[in-house]
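# Survey of secondary and tertiary structure
Residue-level listing of the chains:
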Amino acid sequence: MMPKLTQDRTLGLVAIALGLFIALYWAGADSETGLVEKTRGRYSIGDALAPTVAAVFLSLSGLWLAVSGGPQTTLSLRNAGFIMGVLMLLFVSLGLMRWGGPWLVEAITAADYRPLRDTVPWKYVGFVLGGTAMIAALTFVVERQLRWSRVLIALGVTLFLAAFYDLPFEDLLLPPNGDV
Amino acid sequence: MDMLDHVWLGVLAVFQGPALFTIAGVPIPLTLAMVAAGFLTGVLVGATPGLAGPMAMAVALPILISVFGFEIAALLPVMGFLIGIMKGATIGGAVPAILFNTPGTPDAVLTTFDGHPMATAGQSGKALKIAHFSSVSGDTVSDIILFICAPFLAVLVERYLDLPEKTALILLSLAFIAAVVGTSVAKGLIAMALGMLAAFVATGEDFYPRLTGGIPWLAQGFSITSAILGVLIVGEIFKSLEDMMRERAATGTIRQTVASGDNALTWRERRRLLPFIANSAALGTMIGALPGIGSTLAATLGYASGKKMHERRTPMGPDWGKGAPEGVAATEAANSAVSGANLIPVLSLGIPGNASAVFLILATESIGGFNPGPGVFRVPSVGVNTEMVLAFGIFTTMVCANVINWVFGGRIMRAMGMMIRVPKQILLPSVLLVTLTAIYVQETSLAAIWFTLGFGVLGYLFRRLGVSVLPFVIAFILAGNLEDTARQAFSATGGDPWFLFSSPLAVVFIVGAVAVTVVFSRRQVGEGA
């Protein structure tokens, strides 16, 4: 009789497949040198060896898990839905962080953001907008209601963080000012 | 001059060095003041979820060097501050691990196993007291051993551990962590292999960054901060947010952690913890003296060994891993005991055992006049070995940090416990922002934030699938070291493919790696049956 395909056995089969793919194809094809190289009569370890060995370990461990099973786990579609939702909120928050400053500068001064990225108040705009949105949105996910008190707390935390990193250290850049 | 003269000169270098200010005519040495300032900074940083000692050391080092300069006189104040951070962050790191299940370092993961269940049972104050008492006790043992044995141990380590033995020792560490932590050895090995594969992306010796598929934004690989904080902190935040959301949907409320239970730590309880602390302190000190291994293996060994002791003795409270005070004590004593002994390979071989030690080496390299290596502990036939004097000066700063820790550490640490009053649904998103900001100011790239979130999703999936995150993290840290040592060992043995079996000690380590995997898998089968 075939053993029941539990989540652990599925994880084991995925590990076997991934390990075989890396060991038999990817590690060799995506490295400049092979497993062992011979240069000027001396042997040395090539760049492909370490990933290949790790991938073989991955396959063997996967085989072990697939054969032996393990403690039952419960990864469900609800978990997948939750993590996708959270990632979407983070994507929007980080988008605000990245583009909030340049948009506001363009709207108010019609200037380019880059020359202003280390000047007050512009250097804080993206971080404060994105950081506040991130904390408030994730709090909303748990509480299922948008409360202004939470938004104010999120704003306070973000302002404190901006001051904590920016005021004492001249060389540190808040996000996203190193990328714009 | 003999060894004792060098020890005394080292002590004097700290206490008779330049004074920062005077109190009632008594000069306060600059180095001592720097140790105290570093310690306070370390506790604050360690207790802030998402921040960790190495991060603060990374930020502090360039500032310290710009203040004190590159002269040899700068070494003790700079090292004093960094050592203060290292020690302060070790005890501070137990705060978020115990209160919120968000460990900032791999060592602290083991503290969460029993510390967090204690906090959820209303005993957060007691767990913090145990963590401090065990940590500072382990640290004291380690510092005493450091002072007494460092020169002899340094010679021994240098003599017996060559490249094949070091490679085999790293493999043993990885096998041990994969086997001991978590509910399944096979899952631990899968996590370990994935951690190594992630670390191998874009590294290696060739010009072409391997395993990147030619994608430009992968060419720098994954930074260690993104990978570790992503899996450890962000993954836990995702899981906790979902748990709270489901709990609220089911019950209409979110359960908050409150300090409502027995939060005192009596002398009787301390006495009952002492065997666990002594055992872990001895293990931590031994592991710390080995090069390139570090505090996480010590914490793991301390935890595993404490578990065996716990089974034999009458426990103080709940089962192991479910809020046992002995579990917190065993882990904290072991990882703190590493910090003193860890200076032996750092100063004698220049090999760091953990991330904090990397910054200590960086400080000595930046300042100059002190070159970690076998020469540090050589007694000269004539005159003074300045490097040995400085080494004992550094040991003195460790002892000073320890005294400060005994006197003030517990109070400062418990004051940090006030964070438990903040509702978790606000605190955890704030911790996420702190973590992402801390990563950005180090990496100055939004790509690092995306990588961190990616590793966070991986950490979330690991938790949902019952895979321990620790083997992944340790494998990620040690993979580069393992590959470099193996490459050197292969070359040094003339391309011998059997270099791992070239000496009896290396064979012992390899056999140990296989044995530990088999023994622990049989035990899990037995427990499961």
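Residues numbered from 1 in each chain as written. Chains lettered and ligands numbered in written order. Predicted model: local features only at pLDDT ≥ 70, side-chain atom pairs only at ≥ 80, totals over all residues.

Scanning chain B from terminus to terminus reveals 20 helices and two strands. A compact globule built from 529 residues would reach a C-alpha radius of gyration of about 24 Å, and chain B, at 23 Å, matches this within 12%. With respect to the three principal axes, the spread of C-alpha positions in chain B is 75 × 65 × 50 Å. Taking all 529 residues of chain B together, 61% fall into the buried category. In chain B, once contacts between residues fewer than 6 apart in sequence are set aside, the share between residues at least 24 apart is 78%. (Helix = DSSP H or I, 4+ residues; strand = E, 2+ residues; numbered from the N terminus. Rg over C-alpha atoms; globule rule 2.2 N^0.38 Å. Buried ≥ 20, exposed ≤ 12 C-beta atoms within 10 Å, placed from the backbone. Contact = placed C-beta atoms within 7 Å.)

Below, the discussion takes up the overall build of chain A. The number of helices and strands found in chain A is five helices and two strands. For 180 residues, the compact-globule estimate of 2.2 N^0.38 gives 16 Å, and the C-alpha radius of gyration of chain A, at 25 Å, exceeds that figure by more than 25%. Once the C-alpha set of chain A is aligned to its principal axes, its extents read approximately 65 × 55 × 30 Å. If you take every contact in chain A between residues at least 6 apart in sequence, the share linking residues at least 24 apart comes to 65%.

As a further point, take the confidence of the model for chain B. Low-pLDDT stretches of the model should not have their predicted coordinates read in fine detail. When pLDDT is averaged along chain B, the result is 85; 92% of the residues meet or exceed 70. Both confidence scores are given for the complex: pTM 0.80, ipTM 0.94. (pLDDT = per-residue confidence, 0-100.)

Before going further, it helps to examine helix α6 (residues 106-120) of chain B. Residues and elements named next belong to chain B. In a regular helix each residue adds 1.5 Å, so 15 residues correspond to 21 Å; α6 covers 21 Å between its end C-alpha atoms and thus fits that length. When the local axis directions of α6 are compared, the greatest deviation, roughly 50 degrees, occurs at threonine 112. Across the 15 residues of α6, 14 count as buried, placing the element largely inside the fold. Just beyond α6, the residue with positive phi is glycine 122, at close to 90 degrees. (Expected span 1.5 Å × (residues − 1). Bend = angle between axes of the 7 residues up to and from the residue.)

All names here are of chain B. Where helix α1 (residues 3-15) meets helix α16 (residues 386-416), the closest approach of the two axes is 7 Å, and the angle between their N-to-C directions is 60 degrees. Looking at the two axes, α1 sits oblique to α16. In this structure, α1 meets α16 at a crossing whose hand is right-handed. From α1, His6, Val7, Leu9, Gly10, Val11, Ala13 and Val14 reach across to α16, where they touch Met388, Val389, Ala391, Phe392, Gly393, Phe395, Thr396 and Thr397. By residue class, the composition of the contact of α1 with α16 is ten nonpolar, five polar and no charged. (Axes fitted to C-alpha atoms, helices over the stretch in contact; angles between N-to-C directions. Parallel < 35°, antiparallel > 145°, perpendicular 65-115°, else oblique. Left-handed = near helix turned anticlockwise from the far one by under 90°. Nonpolar A, V, L, I, M, F, W, Y, C, P; charged D, E, K, R; others polar.)

Quick look at the interface of chain A and chain B now. Contacts between the two partners involve 58 residues from chain A and, on the opposite side, 53 residues from chain B. Looking at the side of chain A that touches chain B, the elements with two or more residues in it are α1 (7-29), β2 (42-45), α2 (49-68), α3 (77-109), α4 (122-143) and α5 (148-166) of chain A. Of the residues assigned to the side of chain A that touches chain B, the class counts are 35 nonpolar, 14 polar and nine charged.

All names here are of chain A. In this sheet, β2 lies alongside strand β1 (residues 36-39) in antiparallel orientation, the contact comprising four bridges. What sits directly across from glutamate 37, in β2, is serine 44. Linking two consecutive strands that pair antiparallel, namely β1 and β2, is a turn of two residues; a positive phi of about 50 degrees is found at arginine 40 within it. (Pairing = 2+ DSSP bridges.)

Before going further, it helps to spend a moment on the environment of leucine 461 of chain B. Residue and element names in this part refer to chain B. In this structure, leucine 461 sits in helix α18 (residues 446-464). Overall, leucine 461 belongs to the partly exposed group, with 18 C-beta atoms counted inside 10 Å. Note: C-alpha distance between leucine 461 and phenylalanine 238 (223 residues apart in sequence) is 9.8 Å.

Right, let's get into the packing of α5 of chain A against helix α17 (residues 424-443) of chain B. Between α5 of chain A and α17 of chain B, the least distance of the axes is 11 Å, while the angle of their chain directions is 25 degrees. If you check the angle between α5 of chain A and α17 of chain B, you find them roughly parallel. Judged by the sense of rotation from one axis to the other, the crossing of α5 of chain A with α17 of chain B is right-handed. Two secondary-structure elements touch here, α5 of chain A through Arg150, Ile153, Val157, Thr158, Leu161 and Tyr165 of chain A and α17 of chain B through Ile426, Ser430, Leu433, Val434, Thr437 and Val441 of chain B. Class assignment of the residues belonging to the contact of α5 of chain A with α17 of chain B gives a composition of eight nonpolar, three polar and one charged.

Bringing the environment of leucine 4 of chain B into the picture now. Residue placement: leucine 4 of chain B occurs in helix α1. Separated by 420 residues in sequence, leucine 4 of chain B and lysine 424 of chain B have C-alpha atoms that sit 53 Å apart.

For an α-helix, 3.6 residues make a turn, and residues three or four places apart therefore share a direction. Residues and elements named next belong to chain A. For α2, spanning 20 residues, the distance from its first C-alpha to its last is 28 Å, which sits close to the expected 28 Å at 1.5 Å a residue. Among the 20 residues in α2, 14 count as buried, and that is most of the element. Of the residues trailing α2, glycine 69 is marked for its positive phi of about 70 degrees.

Take unusual backbone geometry next. Residues and elements named next belong to chain A. The amide bond that connects valine 120 to the next residue, proline 121, takes the cis arrangement and shows omega of 5 degrees. Relative to the helices and strands, proline 121 resides in the loop between α3 and α4. The step from proline 175 to proline 176 runs through a cis peptide bond, and the omega angle for that step is 5 degrees. Counting through the fold element by element, proline 176 comes out in the segment after α5. Non-glycine residue arginine 40 carries a positive phi angle of around 50 degrees. Mapped onto the elements of the fold, arginine 40 is located in the loop between β1 and β2.

To continue, consider the environment of lysine 307 of chain B. All names here are of chain B. Structurally, lysine 307 can be placed in helix α12 (residues 295-312). For lysine 307, a count of 18 C-beta atoms within 10 Å corresponds to the partly exposed category. Here the alpha-carbon distance between lysine 307 and phenylalanine 276, two residues 31 residues apart in the chain, equals 9.3 Å.

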